[in-house]
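# Chains, contacts and geometry: an overview
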Amino acid sequence: MEEQTTVNHDKLMTLFGSVFNDVAGSVAIMMSYIGDQTGVYRAMDKLGPSSVASIAEEAKVDKRYLKEWLASNAARGYVHFNAESEEFSLTPEQAAVFARESEPTCIQGLIQGVVGQFVKEDVAIDVFKTGRGRPWGEHHECCFCGTERFFRPAYASHLLEEWIPALEGVEDKLKMGAKVADIGCGLGTSSILMAEKYPNSTIHAFDFHGPSIEEAKKRAAEKGLANLEFFVSDAAEIPKNDYDLACIFDAWHDMGDPVGIASGIKDVLSSDGTFMVVEPMALDGMANNIANNPASGMMYGFGTLVCVPASKAQDVGLGLGPQAGPNKLMELLSEAGFGTINLAAETTNNLVLQARA
Ligand SMILES: C[S@@+](CC[C@H](N)C(=O)[O-])C[C@H]1O[C@@H](n2cnc3c(N)ncnc32)[C@H](O)[C@@H]1O
């Protein structure tokens, strides 16, 4: 295709409009974060159609600021405004996206993760300019709870019902009583789900980020789970324990040496053990992702800010990124020494790979 060198006015206006809309969206994201953190959306969900004064009273926030905030939300379609009654409310869909934590469409975790990046923009710029690594622990804490809140609905909907049943013979072993290692477990959502569902199995969950493990321990203690233990440990130092299942959820690409770590995991599995790698949804190849994967803009953005710097902060520092795609992931598992590798499942946000010796 011949390269265009002069400005085409229509194309310019289309691009400007699109970016303007993104900027307006970024303000809306900040509005949404404030509504989440102050409980305004939850108050609205509880009240139904209400005046500004009633919502302010229920959420215990300033009435004047709330009026401005509600108008902004209504203009973006995040809340509903009835011009006749002058009342604001949430439609069932708006409630499912903004107010109800248990809904798979609740977006607040993702928003929290994005806001966490803006809070430390100076660090992001320094990392980008210098090329240094940025350890997971160097992020704002919004990054940890936002990540967990965002991933939880997908794990709750798919892990026990689709992903584990898609692995060869694993579900039966877990029901009977098996040993599981959940590596890079973060706040322990996947570990807790498995421990609850398979009481005969023992789950060992590992992460090298101490504060995440502390929080995971608290959450597990609240549920009184006796078959789940958490350890502060690098993924490269998992004890040899003949695990029947080792898994990594949305963290393998964050590791500095995914091949070395996978090779070590192969050694801590039992002879017919399974390694399950859950990674963000991606297609094969950057050009393919840019053209055909609507989430790739956001995912390459998180790659720039979080995943590649996390990997570069560790030994080897491969910087795989979150959009490697199934073929590259399988190639790395093969390099690590696994003989049987396949894509066991795919859901909207995730690829699930199965690897066996
Ligand atoms: C994106 S978070 C995912 C957390 C969790 N698996 C989840 O899905 O909610 C990535 C996690 O990997 C952990 N991690 C990264 N590299 C690690 C390593 N080499 N050893 C142990 N944990 C690691 C981080 O501390 C972080 O908790």
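Structure: above.
Right, let's walk through the structure included here.

Rules and cut-offs
Residues take numbers from 1 onward in each chain, read along the sequence in its written order. It should be noted that, the model being predicted, local features are given only for residues of pLDDT at least 70 and side-chain atom pairs only at 80 or more, the latter also being counted only at that level, while totals for whole chains, interfaces and linings use all residues. Side-chain measures here rest on the full set of heavy atoms in the structure, leaving out hydrogens and waters. Only one rule defines a salt bridge in this text: a Lys or Arg side-chain nitrogen within 4 Å of an Asp or Glu carboxyl oxygen. We call a residue buried when its accessible area falls under 20% of the maximum for its residue type, exposed when it is over 50%, and partly exposed in between, using a 1.4 Å probe and counting protein chains only. Under the scheme used here, helices are H or I runs from DSSP no shorter than 4 residues and strands are E runs no shorter than 2 residues, and both carry numbers assigned from the N terminus. Proximity is defined per residue: if any heavy atom of the residue lies within 4 Å of a molecule or strand, that residue is considered near it. Contacts described as polar in this section are N or O atom pairs within 3.5 Å, which, within protein, must combine one atom able to donate a hydrogen with one able to accept it, while residues neighboring in sequence count only if both atoms come from side chains. The accessible surface values rely on the Shrake-Rupley method and a 1.4 Å probe; as for residues, cover is taken only from the protein chains in view. Each residue is assigned to one class: nonpolar for Ala, Val, Leu, Ile, Met, Phe, Trp, Tyr, Cys and Pro, charged for Asp, Glu, Lys and Arg, and polar for all the others, Gly among them. Disulfides are defined in this document as cysteine sulfur pairs within 2.5 Å. We call a set of buried residues a nonpolar core when its members are Ala, Val, Leu, Ile, Met, Phe, Trp, Tyr or Cys and they connect through side-chain atoms within 4.5 Å of each other. The contact definition used throughout considers only heavy atoms, calling two residues in contact when any of these lie within 4.5 Å. Strands are treated as partners if at least two bridges between them are detected by DSSP. Angles here are taken between N-to-C directions and fall from 0 to 180 degrees, while the axes themselves are lines fitted to C-alpha atoms, restricted in helices to the stretch in contact.

### Things to note about the pattern of salt bridges
Enumeration over the complete set of coordinates arrives at 15 salt bridges. Residues Asp 36 and Arg 42 are paired through a salt bridge, measuring 3.4 Å at the closest nitrogen-oxygen approach. On the basis of relative accessibility, which here comes to 4%, the residue Asp 36 falls in the buried class. Classification of Arg 42 by relative accessible area gives partly exposed; the value is 40%. The residue Asp 45 makes a salt bridge to Arg 100 at a minimum N-O spacing of 2.8 Å. Separated by 55 residues along the polypeptide, Asp 45 in helix α2 (residues 40-47) and Arg 100 in the loop between α5 (92-98) and α6 (108-119) bring together distant segments of the chain. Taking the relative accessible area as the measure of exposure, Asp 45 reaches 26% and is therefore partly exposed. A relative accessible area of 32% places Arg 100 in the partly exposed class. Shared partners join several salt bridges into a network, and the residues in it are Glu 148, Arg 152, Glu 215, Lys 218 and Arg 219.

### Details of the site of the ligand
Taken together, 19 residues sit near the ligand, with Tyr 155, Gly 184, Asp 207, Ala 235 and Phe 249 positioned nearest. Taking Phe 208, its main chain carries an N or O atom lying 3.4 Å from a nitrogen atom of the ligand. At 3.0 Å, a side-chain N or O of Gln 314 approaches a nitrogen atom of the ligand. Compared with its free state, where it exposes 590 Å², the ligand has 97% of that area covered by protein. Among the elements that make up the shell around the ligand, the one with the highest residue count is helix α8 (residues 141-163) (three residues). Residues that form the shell around the ligand fall into these classes: nine nonpolar, six polar and four charged.

### Notes on the state of the cysteines
This model, assessed by the stated rule, comprises zero disulfides. Looking at Cys 143, it has no disulfide partner, and the nearest cysteine sulfur is the one in Cys 142, 8.7 Å off. On the basis of relative accessible area, Cys 143 is assigned to the buried category, the value being 4%.

### A few points about the nonpolar core
Within soluble globular proteins, side chains that are nonpolar tend to cluster in buried spots. Judged by nonpolar contacts, the single largest core of 31 residues is most densely connected at Leu 159, Trp 163, Ile 164, Met 194, Leu 228, Phe 249 and Met 276. Counting only elements with at least two residues in this core, the list comes to α8, α9 (170-176), α10 (189-197), β4 (202-207), α11 (210-223), β5 (228-232), β6 (243-249) and β7 (269-280). In this view, Leu 159 contacts Ala 154, Ile 164, Pro 165, Ser 190, Leu 193, Met 194, Phe 249 and Met 276; residues no more than four positions away in its chain are not counted. Formed by 30 residues, the second largest nonpolar core is a distinct cluster that contains Ala 181, Ala 235, Ile 238 and Leu 351.

### Comments concerning the sheet that holds β6
Spatially, the seven strands line up as an open sheet ordered β5-β4-β3-β6-β7-β9-β8, and their pairing is mixed. Unpaired on one side and paired on the other, β5 and β8 (340-347) mark the two borders of the sheet. On average, adjacent strands in this sheet sit at an angle of 20° to one another, irrespective of strand direction. Strand direction decides the pairing type here: β7 and strand β9 (residues 350-356), joined by seven bridges, are antiparallel. By the bridge assignment, Met 276 is partnered in β9 with Gln 354.

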